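One-letter residues, chain by chain:
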Amino acid sequence: MSTSTPSGPPLRFGVLGASSIAARRTLPALRDVPDTVAAAVASREREKAERLAADFDCEAVHGYERLLERDDIDAVYVSVPNSLHFTWVNAALEAGKHVLSEKPLTTDSADTGALARVAGDRGLVLRENLAFVHHGLHRRVAELVAQDRLGELRHVDAAFCFPPLPANDVRYRPELGGGALLDAGIYPVRLAQYFLGDDLSVVGAVLHDDPASGVDVAGSAVLAASAGQIATVNFGFVHTYGSRYTLWGSQARLIVDRAFTPPATMAPVVRIEEQNHTEEIVLPAEHQFASSIAAFAAAVRETAATGVDSGHRAWAATTVRTAELLDGIHESAVRVTAAERP
């Protein structure tokens, strides 16, 4: 989380969508980051907007369009169902607002690329709120890899899985962009990119389909890097909870647990295993949602000061590639029928 002193008035956010993730994670982070503030919350249901706005001392807005019309909003946090991301992120950009969108940015790579181009053409900051990439844990692991602590990196294995969701959860609705691939699979796929780069290809995949809902509820994929490394990714919501990755090198293996959604108070542990030695490194606790918002706010302030979002090109390339890999898993996967949900 940023501890810098604000260089001007707070960045005023409008929250588009009264979702659970907005209430539990993003609005508290907006309150805690020194140079951001939630100005308004919009929902299609007036009562939802009013309840959430009362909890966070901001204005309630009935309807998404009305929030985008306000001139006291600098940036919009979009937290609506996945299938609506493209429409409302695009609308916010067309209204001249910077946008932080919940992941996935859209449900296919063509739409993701289109939004990246709109933001670039308009000089606006657009980011996907995949918060784990802002946690210092992974930067420290990358440093260890760069220092040859593991020798040559050969294999990345990552998983994000959790138990079944309530039956009425939007992630069981295909028309709203539901499914485990978009909701959970994006984490280990981006993790593979984090350590192996964007030059990855899908060489095999399996998706478990739920016949009751019509969405995929679990899956696995194998990705290959042009330099020869392999990544295996696993995801789903028919499992016991697991959020971890292992980096296999020629000389050692590195293991991280609670990798993607660590509590803000948890001190992460990096475990390095060699043939005759095991080491554990304890790192500081961090609030990764706050860090994600702070990084977004810094990009907006840089853009306001210089007229250029210096991080846009790299962000767009990686984000579009993530979407392309998710498309590749979806299109090439062998389909199997999952066990019936309880």
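A brief look at the structure comes next. (Residues numbered from 1 in each chain as written. Predicted model: local features only at pLDDT ≥ 70, side-chain atom pairs only at ≥ 80, totals over all residues. Heavy atoms only, no water.)

1. Overview of the pattern of salt bridges
Quick note on the threshold: A carboxyl oxygen of Asp or Glu within 4 Å of a side-chain nitrogen of Lys or Arg is what we treat as a salt bridge. Strands here mean DSSP runs of E at least two residues long; helices mean DSSP runs of H or I at least four residues long; both are numbered from the N terminus. Exposure categories follow from relative accessible area, calculated using a 1.4 Å probe and restricted to protein chains: below 20% of the type maximum is buried, above 50% is exposed, and the middle band is partly exposed.
Going through the model one piece at a time under the given rule, you end up with 22 salt bridges. Between Glu128 and Arg190 there is a salt bridge whose closest N-O contact spans 3.0 Å. Here Glu128, found in strand β6 (residues 126-129), pairs with Arg190, found in helix α7 (residues 180-196); they are 62 residues apart in sequence, far enough to count as distant. Take Glu128 and Arg190: they sit in the same class, and that class is buried. Here the salt bridges do not stand alone but share partners, grouping Lys103, Asp169, Arg171 and Asp183 into one network.

2. A short note on the environment of Gly311
Following the sequence through the fold, Gly311 ends up in the loop between α8 (288-306) and α9 (312-332). Among the residues examined, Gly311 registers a relative accessible area of 25% and is labelled partly exposed. Sequence separation between Gly311 and Ala299 is 12 residues; the distance between their C-alpha atoms is 7.5 Å.

3. Regarding helix α6 (residues 136-146)
Operational definition: Contact definition: two residues touch when any of their heavy atoms are within 4.5 Å.
Buried residues of α6: Gly136, Leu137, His138, Val141, Leu144 and Val145, and no others. Packed against the buried residues of α6 are β7 (153-161), α7, β11 (242-249), β12 (253-257), β13 (269-273) and β14 (278-282). Looking one or two residues past α6, Asp148 carries a phi angle of roughly 60°, positive in sign.

4. Concerning unusual backbone geometry
Working note: non-glycine residues mostly have negative phi, and peptide bonds are mostly trans. Residue Pro104 is reached from Lys103 by a cis peptide bond, and omega for that bond is -15°. Inspection of the secondary structure assignment puts Pro104 in the loop between β5 (98-102) and α5 (109-122). Its identity is not glycine, yet Asp57 carries a phi of approximately 55°, on the positive side. Along the chain, the position of Asp57 falls in the loop between α2 (46-55) and β3 (59-62). Even without glycine at this site, Arg258 takes up a positive phi of about 50°. With respect to the helices and strands, Arg258 occurs in the loop between β12 and β13.

5. Considerations on the packing of α5 against α9
For clarity, the threshold we go by: Fitted lines through C-alpha atoms give the axes, limited to the stretch in contact for helices. The angle between two N-to-C directions lies from 0 to 180 degrees. For classification, angles of less than 35 degrees are called roughly parallel, those exceeding 145 degrees roughly antiparallel, those between 65 and 115 degrees roughly perpendicular, and all remaining angles oblique. For any helix crossing, the convention is left-handed if the near helix is rotated counterclockwise from the far helix by under a right angle, and right-handed if that rotation is clockwise.
For the pair α5 and α9, interaxial distance at closest approach is 8 Å and the crossing angle is 170°. Accordingly, the angle class assigned to the pair α5 and α9 is roughly antiparallel. Of the two possible hands of crossing, α5 and α9 adopt the one that is right-handed. Two secondary-structure elements touch here, α5 through Ser109, Thr112, Gly113, Ala116, Ala119 and Gly120 and α9 through His312, Trp315, Ala316, Thr319, Val320, Ala323, Glu324 and Asp327.

6. Examining the side chain of Gln288
Note on placement: Gln288 falls in helix α8. Discounting chain neighbours no more than four positions away, the residues touching Gln288 are Ala131, Phe132, His134, His135, Phe260, Thr261 and Pro262.

7. What about the nonpolar core?
Side chains of nonpolar character tend, in soluble globular proteins, to be buried together. For clarity, the cut-off: Only buried residues count toward a nonpolar core, which is a set of Ala, Val, Leu, Ile, Met, Phe, Trp, Tyr and Cys residues joined through side-chain atoms within 4.5 Å.
Formed by 53 residues in total, the largest nonpolar core has its most connected members in Val141, Tyr245, Leu247, Leu254 and Val270. Of all the elements, α7 adds the most residues to this core, at 11 residues. Look past the residues within four positions of Val270 in its chain and what remains in contact with it is Leu137, Val141, Leu144, Leu254, Ile255, Val256, Glu279, Glu280, Ile281 and Leu283. Core analysis: the second largest hydrophobic core is formed by 27 residues, Leu52, Ala75, Ala290 and Ala299 among them.

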